[in-house]
Amino acid sequence: MSVPFAPVQGSVRTAVRLNLRADPQSTAAIVGKAEANTTLAVSGFGKGTLVAGNDDWYQGDGAFYFWSGGCGPLTTAAPAALLPPVANIGVHRRPNGTILPLDDAQLRAAFGAFPYTEGTKGRITIDPDWIARNIVTVQNPVMSALGFPNLQLHRLAAAPFDRVMAALVAAGLSGGLLTCAGSFVPRHKGWDPTRGLSSHSWGISVDVNAEWNGYGTTPAALGVHGSCRQFIPYFEAEGFAWGGYFTPPYQDGMHFELARYDLGP
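None of these values were measured; they are calculated from a predicted model.

The next point concerns the overall build of the chain. When you go through the chain residue by residue, the secondary structure sums to five helices and 16 strands. Here the C-alpha radius of gyration of the chain, 20 Å, is about what a compact globule of 265 residues would show, namely 18 Å. Dimensions along the principal axes, computed over C-alpha positions, put the chain at roughly 65 × 35 × 35 Å. Within the chain, the proportion of its 265 residues that are buried is 49%.

What follows deals with the sheet that holds strand 15 (residues 240-242). Here we have three strands laid out as an open sheet, ordered 14-16-15, and antiparallel in their pairing. Looking at the sheet topology across the chains shown, the edges are occupied by strand 14 (205-207) and strand 15. Direction aside, the axes of adjacent strands within the sheet are offset by 20° on average. Where strand 14 lies against strand 16 (residues 255-258), three bridges are found, and the strand directions are antiparallel. Counted as the bridge partner of Ser205 is Glu257 from strand 16.

Take the packing of aromatic side chains next. Both the distance between ring centres and the angle between the ring planes are used here to describe each pair of aromatic rings. Under the counting rule described, the total for this entry stands at 10 aromatic pairs. Consider the rings of Phe235 and Phe240, whose centres lie 5.3 Å apart with planes at 80°: the pair is edge-to-face. Given a relative accessible area of 2%, Phe235 falls into the buried group. Taken together, the ring pairs in this structure connect Phe45, Tyr58, Phe64 and Phe66 into an aromatic cluster. Above the ring of Tyr250, the side-chain terminus of Arg195 is found at 4.2 Å from the ring centroid.

Restricting attention to buried positions, one finds in helix 1 (residues 104-111) the residues Leu107, Ala110 and Phe111. Looking straight down helix 1, one finds its buried side chains confined to an arc of 75°; they lie on one side. Looking at the packing, one finds that the buried side of helix 1 touches helix 2 (128-134), strand 13 (151-154), helix 4 (155-170) and strand 16. Of the residues that open helix 1, the one with a side-chain oxygen 3.2 Å from the backbone nitrogen of Ala105 is Asp103.

Further remarks concern the confidence of the model for the chain. The share of residues in the chain with pLDDT of 70 or more is 94%, and the mean pLDDT across the chain is 90. In the predicted structure, residues 78-84 sits below a pLDDT of 50 and forms nine contacts with residues beyond four places in sequence or in another chain.

That bond from Pro248 to Pro249 is cis: its omega, 10°, falls within 30 degrees of zero. With respect to the helices, strands and loops of the structure, Pro249 is situated in the loop between strand 15 and strand 16. Phi at Ala52 takes a positive value of approximately 50°, unusual for a residue other than glycine. Phi angles above zero are rare outside glycine, and Lys121 is one such case at about 55°. For Lys121, the position within the fold is in the loop between strand 10 (116-118) and strand 11 (124-126).

Here we take up the environment of Asp55. Within the element layout of this structure, Asp55 appears in strand 5 (residues 54-60). Separated by 12 residues in the primary sequence, Asp55 and Trp67 place their C-alpha atoms 7.7 Å from one another. When sequence neighbours within four positions are dropped, the list of residues in contact with Asp55 reads Gly46, Lys47, Gly48, Thr49 and Leu50. A distance of 3.0 Å separates polar atoms of two side chains, one belonging to Asp55 and the other to Lys47.

If you add up the space inside the largest pocket, you get close to 560 Å³. Put simply, the parts of the chain that give the lining of the largest pocket at least two residues each are helix 1 and strand 16.

A separate point is the side chain of Ser199. With respect to the helices and strands, the residue Ser199 is situated in the loop between helix 4 and strand 14. Judged by relative accessible area, Ser199 falls into the buried class, the value being 6%. The residues touching Ser199, leaving out its near neighbours within four places in the chain, are Ile204, Ser205, His255 and Glu257.

The rules we used
- Residues numbered from 1 in each chain as written.
- Predicted model: local features only at pLDDT ≥ 70, side-chain atom pairs only at ≥ 80, totals over all residues.
- Heavy atoms only, no water.
- Helix = DSSP H or I, 4+ residues; strand = E, 2+ residues; numbered from the N terminus.
- Rg over C-alpha atoms; globule rule 2.2 N^0.38 Å.
- Buried < 20%, exposed > 50% of the residue type's maximum accessible area, 1.4 Å probe, protein only.
- Pairing = 2+ DSSP bridges.
- Axes fitted to C-alpha atoms, helices over the stretch in contact; angles between N-to-C directions.
- Phe/Tyr/Trp six-rings, centres within 6.5 Å; stacked < 30°, edge-to-face > 60°.
- Lys NZ or Arg CZ within 6 Å of the ring centre and 35° of its normal.
- Arc of directions from axis to C-beta.
- Contact = heavy atoms within 4.5 Å.
- Polar contact = N/O pair within 3.5 Å; in protein donor to acceptor, adjacent residues only side chain to side chain.
- pLDDT = per-residue confidence, 0-100.
- 1 Å grid on protein atoms, 1.4 Å probe; cavity = no way out; pocket = protein on both sides within 12 Å on 5 of 7 lines; lining within 4 Å.
- Points joined across faces, edges and corners; volume = space filled by probe spheres on them.

See below:
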């Protein structure tokens, strides 16, 4: 196994009879078998052989690995919402420690106010001088692989975002980023002109794995193909809030937005 699996504590129930292997490869030695409806303890999550379009594998509570596609959702012993808060970053938190997004006034104070005009279907047009001063192009290899070789972000969000991507690569989790639906998009929330401006208007948000984490729906469970939940601790370490924690019906599991107020104007 070339990249260490990310530590995860939890359990899954097998949906089919599974081979337990010495490595996360379909050709690795079989060290055991688990019948359908067996509960297996999980100690790690990472990438292995691609099987039926899914290369997510679990590390068992021991020296064996098994394919996630043969299991139900992962039940975690320590949900991301209960992870210890990351110190020394300027964010607002909920009582359970998860990061709150900034409100409209806080966004303007942290990332700058801009003149804009209303467009059609919830779009807005931002003053081009503000865009020129604040929106930069990020060339990140992870995003390039998803079809975004030139991702547009606020200049204050570029370095934190790159650090998140580097951390996901180091943890062996970047392969779980399957699609990207964009970053800087000047518009209202939910494309609804009666609501406030989306954080995408400031270029501080990125939407990933949208197909499995649609707006207003319950985000994919941890361990399920297309999940974003394994990324949460890495984004939170840099001050990004996760949209999956938004209050229904506005859950937005694809969405990560920078929520730091300490980066300077």
